[in-house]
Amino acid sequence: MTNRDLDARISRAMNKLVPSDTFDTIVAAIPDDQQAVTVIKTKKTYKYLLAAAATVVLLLGGVLGSLAYRKQHTVDTRIDIDVNPSIEISINAADIVLSVEAYNTDGERVLDELALENTPLKQAVTAIFDSMVEKGFVGNASAILITVQNDGEARRTDIKRQINTGINAALAEHDVNASVSHQTLSAYDEAKLFAGEHHISVGKAAFVLGMVQRDPSLDADKLADYHFAALASVAKQRGIDLHELVDYNTENAAWGDLDELLQQQIEKAEQKLGIKLLTPNEAKTYTGFDETFMNAVVFVKFELAWEEDVPVYQMQFISDEAVYNYVISAIDGSWLPTEEEKHNATAQPPQTIHSTMPNGSTTFVAGQISTTTTAWIDHFIGEKAAVDIAIQERKQVGCDIGKAENLTVKLHYNGEKSEYLVTFTIEDTCYTHSILATDGTILHVEKAFVSTTTTTTTIPPTQNNYILRTRAINLALTDAGTDVIERVVQHTIYSHLHDEVDEPYWRVEFCTDTTRWDYRVHAESGAILHRQQTPLTEPPSGLN
Amino acid sequence: MLLFSLNTDAPCAEAPVVDALIRRIGNGDMDAFRSLYDRVHGNVFGFALSIVKNPHDAEDVLQETFLKIYANAAAYRPQGKPLAWVFRIARNIALDKQRRGDRVLPLDERRTAAQYTVEDADDRLLIKTLLTKLTDEERQILILHAVSGIKHREIAAVLGLPVGTVLSKYHRAVKRLKIAIEEEMDHDKP
């Protein structure tokens, strides 16, 4: 049974359940004072005579005006813009915008507060792309599809030129290079039908149908939901030559292949910083997913951007089950908060480590400790330095740091700044140090008394009844039975929640000096579902 | 079957039509009210059922939703997502009904009422499985998608969930439902 069959069965069953007389019951329940009186238009003969006379006068006097009016208000050409925002512009023969319509919510956001009707096409296109860049929909290496629907070739060429000028003006203003593909349509009945069914632009529909025509194993309904960049990515994976579907704009040398654009951005950033950045493929490994999985996903977005002077890879990809978003430092592969996480962090107080600890948690402010750690550049100090700072702080107050265990460290964005949260236990006490990621200042230290026999049961469940990430990491580390501190200070730990399958699990990966470990920890029970250890032939790449 | 197809296709492709209908209802146009009801009552009922879990309450929600649509249509401001507006009304009423503890009898016990009889054994099994084997959110997402035909991102807007969550829950719900149905069918085999 396919999903579609199932949908149809559910719908059919539901329809049968609705009683036939419900509407009458509803109407009967509307209070009388709410029932509108139907307005009956009176028909008086003299009114008809007057109207007829007026019509004759208008017809005689206004034929020319009417023709001009019709020309001005008749749609001559429709232009679809697809990035993820999907927008259709209708213009008249004089290139004046008659209407602009958004096909999705991103499109609505782009058009928010823009009044484009009666403006020249070029000006409207510039305003739309200004808005797209400002609202984060278009950045370096974004893929844009422009579709012009007009039967005349000369007219299409002219419109395309105006659009290019309009886009150029906006992108140049923001110093952004994007890849623009052009598609022209003259016969598009099938695309119109498909677009109507999926509420997407005709341009995107034509592109999708063109792909399916070249590779019939593709699912058009599924593709209809993809961003244009994802469609281009699928086409590339399936060996479909995009040039058969669209024309790349060759007028501007900066607009070309997406991979080339990304490479240019990377080289620019490397020159600026004077260091070598992670390659896109290396950055993908920092998501923690294996190569097979990453080869199967479809990338919607893979861009190099800057966050507080740190070059980051912004990734969005789709598997059959879910959408994944990552912001990964192009310098060291550490994770930074995504836009959604930033939003959540400002919308509500960040969840702090003490919430994962048993009752009796206390907090005290520690004195500032000068550090001698070396920063990668002038940004984050790195996990190793953060752990050193935390351990040294405990040493100074007389703790026996030789007994420290269950150490974890993670980068956390609290809505205002990034901090490292370093957690470890020494005997029956759990310490969490919050350390400013930029300069190593200890912001605060939390202390909680724990019992090794109770830690497994006293951690409150998350709202999904899943164990927390730190708990999953600890379970995996304990199971590996290795020296936690030594490993964590040298290498990054990756962990992900996979909740799209029947058995939700945390995937935890880490390396010791000689072995790479890959765990799957049941997200509800904490049971080890899968354990794999692979000998390392070379020291692992990462933070060392 | 043809009627069903028209119903499920209507929401996505005809948002402007539904927008216009709501505006007309705001002016007291009963024909528009009837027309809107014909278009979306199955969707609203299915969605309500996914929350309140019995057809009697679902019909109550359907009635209250349309009364509220009628009362509020004049204040409606078109934003291109009229169904999201309709479903939000339905959801609020259904959740309110749940909170008040208005729930009546479970499906099996109400099936004696003629108007809710599901004659087809397969349909009966499907509805029973839907109502018993899925979480509330999974059921709402599945029914919104199956009955209303609206896209995952619109479902996300109606339920206030991230699109990724809707996607993963939808796929998980489909998987669970298929397995549950197969198990039930195996169980029923002599």
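Residues numbered from 1 in each chain as written. Chains lettered and ligands numbered in written order. Predicted model: local features only at pLDDT ≥ 70, side-chain atom pairs only at ≥ 80, totals over all residues.

**Q** Explain the overall build of chain B to me, please; I cannot follow it from the model alone.
**A** Tallying secondary structure elements over chain B gives 10 helices and zero strands in all. Listed by position from the N terminus, the elements making up chain B come as α-α-α-α-α-α-α-α-α-α. Relative to its 190 residues, chain B shows a buried fraction of 43%. Of all intrachain contacts in chain B linking residues separated by at least 6 positions in sequence, the fraction that spans at least 24 positions is 72%. (Helix = DSSP H or I, 4+ residues; strand = E, 2+ residues; numbered from the N terminus. Buried ≥ 20, exposed ≤ 12 C-beta atoms within 10 Å, placed from the backbone. Contact = placed C-beta atoms within 7 Å.)

**Q** For this particular structure, what's the right way to read the overall build of chain A?
**A** Along chain A, the regular secondary structure elements total 18 helices and 19 strands. Looking at chain A as a whole, 36% of its 544 residues qualify as buried.

**Q** Got a minute to help me understand helix 10 (residues 228-237) of chain A in this structure?
**A** Each α-helix winds once per 3.6 residues, and so residues spaced three or four apart point in a common direction. Residue and element names in this part refer to chain A. The element helix 10 is largely enclosed, with a buried count of eight among its 10 residues. Of all the positions in helix 10, only Phe228, Ala229, Ala230, Leu231, Ala232, Ser233, Val234 and Ala235 are classed as buried. Count one or two residues on from helix 10 and you reach Gly239, which has phi positive near 70 degrees.

**Q** Just to check I follow, could you spell out the environment of A:Lys135 for this structure?
**A** Residue and element names in this part refer to chain A. Mapped onto the fold, Lys135 is located in the loop between helix 5 (121-134) and strand 4 (143-149). Expressed as a C-alpha distance, the spacing of Lys135 and Asp106, which sit 29 residues apart in the sequence, is 9.5 Å. Those residues in contact with Lys135, other than ones at most four positions away along the chain, are Arg109 and Val110.

**Q** Explain the nonpolar core to me, please; I cannot follow it from the model alone.
**A** Generally speaking, soluble globular proteins have nonpolar side chains that are buried together. Core analysis: the biggest nonpolar cluster contains 78 residues, and A:Ile128, A:Ile144, A:Ala205, A:Leu231 and A:Ile328 have the highest contact counts within it. In terms of domain composition, this core takes at least three residues from each of domain 2 (77-248) and domain 3 (276-336) of chain A. (Core = buried A, V, L, I, M, F, W, Y, C linked by C-beta atoms within 7 Å. Domains from an automatic or database assignment.)

**Q** Can you help me understand the pairing of strand 3 (residues 97-102) of chain A in this one?
**A** Looking along a regular strand, one sees side chains alternate from face to face of the sheet. Residue and element names in this part refer to chain A. Summarising the sheet, strand 2 (residues 86-91) and strand 3 pair through five bridges and their orientation is antiparallel. Bridge pairing in strand 3 links Ile87 to Ala102. Here strand 2 hands over to strand 3 after five residues, with Asp95 in that stretch at a positive phi of 65 degrees. (Pairing = 2+ DSSP bridges.)

**Q** Can you walk me through the confidence of the model for chain B in this structure?
**A** As a general rule, the predicted coordinates of low-pLDDT regions are not to be interpreted in detail. Residue and element names in this part refer to chain B. Here chain B averages 74 in pLDDT, and 76% of its residues register 70 or above. Mean pLDDT values for the elements of chain B range from 33 in helix 1 (residues 2-13) up to 88 in helix 4 (residues 55-72). Within the model, the stretch residues 1-13 combines pLDDT values under 50 with 24 contacts to residues more than four positions away or in other chains. Segment residues 103-116: pLDDT under 50, and 24 contacts once partners within four positions in sequence are set aside and those in other chains are kept. This prediction of the complex comes with two scores: 0.37 for pTM and 0.75 for ipTM. (pLDDT = per-residue confidence, 0-100.)

**Q** For this particular structure, what's the right way to read the packing of helix 3 (residues 30-52) of chain B against helix 4 of chain B?
**A** Geometrically, a packed helix pair is captured by the angle between its two axes and the distance between the axes. Residues and elements named next belong to chain B. Close contact between helix 3 and helix 4 brings their axes to 8 Å; oriented N to C, the two are set at 135 degrees. Considering their axes alone, helix 3 and helix 4 lie oblique with respect to each other. Handedness of the helix 3/helix 4 crossing: right-handed. Contacts from Phe33, Tyr37, His41, Val44, Phe45, Ala48, Leu49 and Val52 of helix 3 reach helix 4 at Pro55, Asp57, Ala58, Glu59, Val61, Leu62, Thr65, Phe66 and Tyr70. Class assignment for the residues of the contact of helix 3 with helix 4 results in 13 nonpolar, two polar and two charged. (Axes fitted to C-alpha atoms, helices over the stretch in contact; angles between N-to-C directions. Parallel < 35°, antiparallel > 145°, perpendicular 65-115°, else oblique. Left-handed = near helix turned anticlockwise from the far one by under 90°. Nonpolar A, V, L, I, M, F, W, Y, C, P; charged D, E, K, R; others polar.)

**Q** What am I meant to see in helix 8 (residues 202-214) of chain A here?
**A** Between its first and last C-alpha atoms helix 8 of chain A spans 18 Å; for 13 residues at 1.5 Å apiece the expected length is 18 Å, and the two agree. Among the residues of helix 8 of chain A, those classed as buried are A:Val202, A:Gly203, A:Lys204, A:Ala205, A:Ala206, A:Phe207, A:Val208, A:Leu209 and A:Met211. (Expected span 1.5 Å × (residues − 1).)

**Q** Got a minute to help me understand unusual backbone geometry in this structure?
**A** For residues besides glycine, phi is generally negative; the peptide bonds are generally trans as well. Residue and element names in this part refer to chain A. Even without being a glycine, Asp95 presents a positive backbone phi close to 65 degrees. Turning to its location among the elements, Asp95 is positioned in the loop between strand 2 and strand 3. What makes Asp95 partly exposed here is the crowd of 18 C-beta atoms within 10 Å. Phi at Asn118 is positive, roughly 70 degrees, even though this residue is not glycine.

**Q** What is the right way to read the confidence of the model for chain A from this model?
**A** Residue and element names in this part refer to chain A. Residues at a pLDDT of 70 or more form 67% of chain A, whose mean pLDDT is 69. Ranking the elements of chain A by mean pLDDT puts strand 11 (residues 362-364) last, at 23, and strand 2 first, at 90. When the criterion is pLDDT under 50, residues 248-256 qualifies, and its contacts beyond four places in sequence or with other chains add up to 16 contacts. Throughout residues 451-464 the model reports pLDDT below 50, and contacts reaching past four residues in sequence, or to other chains, amount to 10 contacts.

**Q** Looking at this model, I keep getting lost on the pairing of strand 7 (residues 298-307) of chain A. Mind explaining?
**A** Residue and element names in this part refer to chain A. For strand 7, the tally of buried residues reaches seven of 10 residues, placing the bulk of the element in the interior. The pairing of strand 7 with strand 8 (residues 310-318) spans nine bridges and is classified as antiparallel. From the neighbouring strand, Glu303 faces strand 8, where its bridge partner is Gln314. Counted between consecutive antiparallel strands, the loop separating strand 7 from strand 8 contains two residues, among which Glu308 sits at a positive phi close to 50 degrees.

**Q** I would appreciate a short explanation of the packing of helix 2 (residues 22-29) of chain A against helix 4 of chain B in the present structure.
**A** The interhelical angle for the contact between helix 2 of chain A and helix 4 of chain B, taken along N-to-C directions, is 45 degrees, at an axis separation of 10 Å. On the basis of the axis angle, helix 2 of chain A is oblique to helix 4 of chain B. In this structure, helix 2 of chain A meets helix 4 of chain B at a crossing whose hand is right-handed. Seen from helix 2 of chain A, the contacting residues are A:Thr22, A:Thr25, A:Ile26 and A:Ala29; seen from helix 4 of chain B, they are B:Glu59, B:Leu62, B:Gln63, B:Phe66 and B:Leu67. A class-by-class count of the residues in the contact of helix 2 of chain A with helix 4 of chain B yields five nonpolar, three polar and one charged.

**Q** What am I meant to see in the environment of B:Ser35 here?
**A** When you line up the elements, B:Ser35 lands in helix 3. With 13 residues separating them in the primary sequence, B:Ser35 and B:Ile22 have C-alpha atoms 9.9 Å apart.

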